[in-house]
Amino acid sequence: MKQSHTLIPTLRETPADADIRSHQLLLKAGYIRQNASGVYSFMPLGKRVLQKVEAIVREEMDSAGAAEILMPALQQAELWQESGRWYTYGPELMRLKDRHEREFALGATHEEVITSLVRDEVKSYKRLPLTLYQIQTKFRDEKRPRFGLLRGREFIMKDAYSFHSTQESLDEIYQKLFEAYTNIFTRCGLDFRAVIADSGAMGGKDTHEFMVLSDVGEDTIAYSDTSNYAANIEMAPVIADYPKSEEEHNELQKVETRNQKTISDITSYLQVGADKCVKSLLFKVDEKYVLVLVRGDHEVNDIKVKNLFAATMVELAGLEETQALLSCPVGSLGPIGVQNVEVVADHAVKAIVNGVCGANEDHYHFVNVNPSRDFSVSQFADLRFIQEGDPSPDGEGTILFAKGIEVGHVFKLGTRYSEAMNASYLDANGRSQSMIMGCYGIGVSRTVAAVAEQFNDEKGLIWPANLAPYHLHLVAVNMKDENQSILSETLYKELQANRFEVLFDDRQERPGVKFADSELIGLPIRITVGKRSAEEIVEIKIRKTGETIEAHKDELIEIVTELLKSL
Ligand code: ATP
Ligand code: MG
């Protein structure tokens, strides 16, 4: 492709509204343009990278036995009402009406559409298992669209769905797709980990997220320093063992703690460690209120609270609700004497001896609090976030944290959708059974950004050869120089004839601009046709290392073929 024929709108300045490298560079190098918040156009170079990622995804999905389809983005509300998600998905689902006032959603995901499709077309166990996938635009009205392609409101996803007659068959396909995902992200050159994303069964084999390790990631991964255990921090169970202190139980006392509200206020005011404090938080769990206790140096994990009560919604109670129920402000909450609200506590609280807690009275706390003696708890459970330094849940090593970008997600759905939407088949005995399902997503456009985030330097992007929009950047320093223009045109044709993907900078621009653009765009190899053109000698420059080699035109093909193998 000649640069004079395409559109690569590079920028000299870093866009002020982009605050991470991939977003800045994709804009600056002319790969993408923003239309609205979280809505982007892919420019010619961006589109080519996207296609390369899509090609890898297709190859791996096809070889895992999945068949590609394309479903509508425009989805009838009735389907979402059948599954119930019309009412629970919330404002992230983009909703609209047609001219007849009929309601629709723009697909945020396709469980409903695929379930209705398969329910209508598959009636017998003989047609199962079946795995279908698509690569398509999704719409989600994200609360905080940001970081360019990483969190868009319109983005490209590969979503796959599998249908089974037995759990074993689901397990088998899940494993196959897990391997396909591993291949996809490995081929994209990403530094990633598959992490457990479910608290359900210990070992949580029912859902995994594929996380690219990156400081700009919005998720935190808890991983073991010695084994291959890795989980989303939200999901990692805590198996810490809290040794019981031999300290004698002192007499409970109420002390004045004027204006001391937070755990750090209290620890310095009363000169105690945060591990001696009981932190009490009032939550609204579906329709009831629950006082949740954790140690002062721990944080409540609301997902664990939600799972404990099998609830659909958990949120912190507001100031007014707290005042109404426990007659005190938030900074003075405590479990002693509480009767109108259920109290649950994290296991660590049980081991506190002579601790401190709020007295449900402004400006007062209790000291010498001993849980077994001074208050009652309906249940002790694992309710806190895992922390660095905790033992790894698999029993091997210690937990460390890393940040991750979720690029993929594999999930065993079971019969959640097939039951709600009546997707059944006849088994070998002629009995009607609900189909067992799995779903598997990849953020294709997010993957492009994750690769850009991982492969760049201060001058611009540095694409791995298999994802680069073109393999070679042929740059003629001065197109007005006859030797240079003839040689570069000849090489352009020859390289293309040899099946290289070549971007040819044939523009009448200053050399400085051409070189800066070339670094920014970041193709693996630059071939510069410049001052030694009369001798048919060009310069080959490797973007990644900055290394340069001079080569005669006749040896060029052989050299770049070799070089590309390693890039
Ligand atoms: P997140 O926690 O990042 O919001 P999610 O759990 O909502 O992700 P899924 O519903 O599992 O995501 O969607 C499948 C994949 O689609 C994700 O693994 C991610 O790679 C991608 N994805 C999800 N939301 C977005 C978005 N707003 N922009 C770009 N990609 C996204
Ligand atoms: Mg989301």
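Residues numbered from 1 in each chain as written. Chains lettered and ligands numbered in written order. Predicted model: local features only at pLDDT ≥ 70, side-chain atom pairs only at ≥ 80, totals over all residues. Heavy atoms only, no water.

Draft legend 1. Highlighting the domain arrangement of the chain. Domain boundaries in the chain define domain 1 (14-72 + 109-237 + 401-452), domain 2 (253-381) and domain 3 (470-565). Each of domain 1 and domain 2 was reduced to a C-alpha centroid, and the two centroids are 38 Å apart. Between domain 1 and domain 2, the residue contacts involve 6 residues of the former and 4 residues of the latter. For the pair domain 1 and domain 2, the two sides together bury roughly 320 Å², of which 45% comes from carbon and sulfur. Looking at side-chain class alone, the side of domain 1 that touches domain 2 contains 4 nonpolar, 1 polar and 1 charged residues. (Domains from an automatic or database assignment. Contact = heavy atoms within 4.5 Å. Buried area = accessible area lost by both parts, 1.4 Å probe. Nonpolar A, V, L, I, M, F, W, Y, C, P; charged D, E, K, R; others polar.)

Draft legend 2. Summary view of the sheet that holds strand S18 (residues 355-358). In space, the 3 strands of this open sheet follow the order S13-S19-S18, with antiparallel pairing throughout. Only two strands of the sheet have a single partner each, and these edge strands are strand S13 (253-256) and S18. Strand after strand, the sheet turns through a mean of 30° between neighbouring axes, direction not considered. Bridge count between S13 and strand S19 (residues 364-369): 4 bridges; the pairing is antiparallel. Within the sheet, the bridge partner assigned to Lys-254 lies in S19 and is Phe-366. (Pairing = 2+ DSSP bridges. Helix = DSSP H or I, 4+ residues; strand = E, 2+ residues; numbered from the N terminus. Axes fitted to C-alpha atoms, helices over the stretch in contact; angles between N-to-C directions.)

Draft legend 3. Just the pattern of salt bridges, in detail. Per the counting criterion, the structure on display carries 44 salt bridges. Across the pair Arg-187 and Glu-59 runs a salt bridge whose closest N-O atoms are separated by 3.0 Å. One end of the pair, Arg-187, is in helix H6 (residues 167-187); the other, Glu-59, is in helix H2 (residues 44-63), with 128 residues separating them in the sequence. Note that Glu-562 is salt-bridged to Lys-565, the shortest N-O span being 2.9 Å. Of the two residues, Glu-562 and Lys-565 both sit in helix H16 (residues 556-565), 3 residues apart, roughly one turn of that helix. Given the relative accessible area of 47%, Glu-562 is considered partly exposed. Via salt bridges that share partners, Arg-12, Asp-505, Arg-507, Lys-514 and Asp-517 belong to a single interconnected network. (Salt bridge = Lys/Arg side-chain N within 4 Å of Asp/Glu carboxyl O. Buried < 20%, exposed > 50% of the residue type's maximum accessible area, 1.4 Å probe, protein only.)

Draft legend 4. Focus on the pairing of strand S5 (residues 94-97). Bridge count between S5 and strand S6 (residues 103-106): 4 bridges; the pairing is antiparallel. For Lys-97, the partnering residue across the bridge sits in S6 and is Glu-103.

Draft legend 5. Broad picture of the site of ligand 1. Lining the immediate environment of ligand 1, one finds 14 residues, of which Glu-142, Arg-151, Gly-152, Glu-406 and His-409 sit closest. Here Arg-140 contributes a side-chain N or O atom positioned 2.9 Å from an oxygen atom of ligand 1. Interatomic distance of 2.8 Å between a side-chain N/O atom of Arg-151 and an oxygen atom of ligand 1. Contact with the protein chains covers 82% of the free accessible surface of ligand 1, which is 580 Å². Elements with a minimum of two residues in the shell around ligand 1: strand S8 (154-164) and strand S21 (399-414). In terms of residues, the shell around ligand 1 owes the most to one element, S21, which gives 4 residues. (Near = heavy atom within 4 Å. Polar contact = N/O pair within 3.5 Å; in protein donor to acceptor, adjacent residues only side chain to side chain. Areas by Shrake-Rupley, 256 points an atom, 1.4 Å probe, with all protein chains shown as cover.)

Draft legend 6. Main features of helix H14 (residues 482-497). If you check H14, its first and last C-alpha atoms are 23 Å apart, about what 16 residues at 1.5 Å a residue would give, namely 22 Å. Every buried residue of H14 is listed here: Gln-484, Ser-485, Leu-487, Ser-488, Leu-491, Tyr-492 and Leu-495. End-on view of H14: buried residues confined to an arc of 170°, all on one side of the axis. Opposite the packed face of H14, turned more than 90 degrees from it, sit the exposed residues Glu-482, Lys-493 and Ala-497. Along its buried surface, H14 packs onto strand S27 (472-476), strand S28 (502-505), strand S29 (525-529), strand S30 (537-542) and H16. Capping the start of H14 is the job of one residue whose side-chain oxygen sits 2.9 Å from the backbone nitrogen of Asn-483: Asp-481. Just downstream of H14 lies Arg-499, where phi reads positive at about 70°. (Expected span 1.5 Å × (residues − 1). Arc of directions from axis to C-beta.)

Draft legend 7. Structural detail: the packing of helix H1 (residues 21-28) against helix H13 (residues 444-454). Between H1 and H13, whose axes approach to 8 Å, the crossing angle comes to 100°. Taken as axis vectors, H1 and H13 run roughly perpendicular relative to one another. Every residue of H13 that contacts H1 at Arg-21, Ser-22 and Leu-26 is listed here: Ala-449, Ala-452 and Glu-453. For the contact of H1 with H13, the class distribution of residues is 3 nonpolar, 1 polar and 2 charged. (Parallel < 35°, antiparallel > 145°, perpendicular 65-115°, else oblique.)

Draft legend 8. Representation of the nonpolar core within the structure. Of all hydrophobic cores here, the largest spans 62 residues; its most connected members are Leu-26, Tyr-31, Tyr-181, Phe-185, Tyr-440 and Trp-463. Per-element accounting of this core gives the leading share, 9 residues, to H6. Both domains that meet at this core, namely domain 1 (14-72 + 109-237 + 401-452) and domain 3 (470-565), each give it at least three residues. With near-sequence residues (within four places) excluded, Tyr-31 lies in contact with Leu-26, Ser-41, Phe-42, Met-43, Leu-45, Gly-46, Val-49, Leu-461, Trp-463, Pro-469 and Ile-521. Counting 26 residues, the second largest nonpolar core, distinct from the first, contains Trp-86, Val-113, Phe-163 and Met-421. (Core = buried A, V, L, I, M, F, W, Y, C linked by side-chain atoms within 4.5 Å.)

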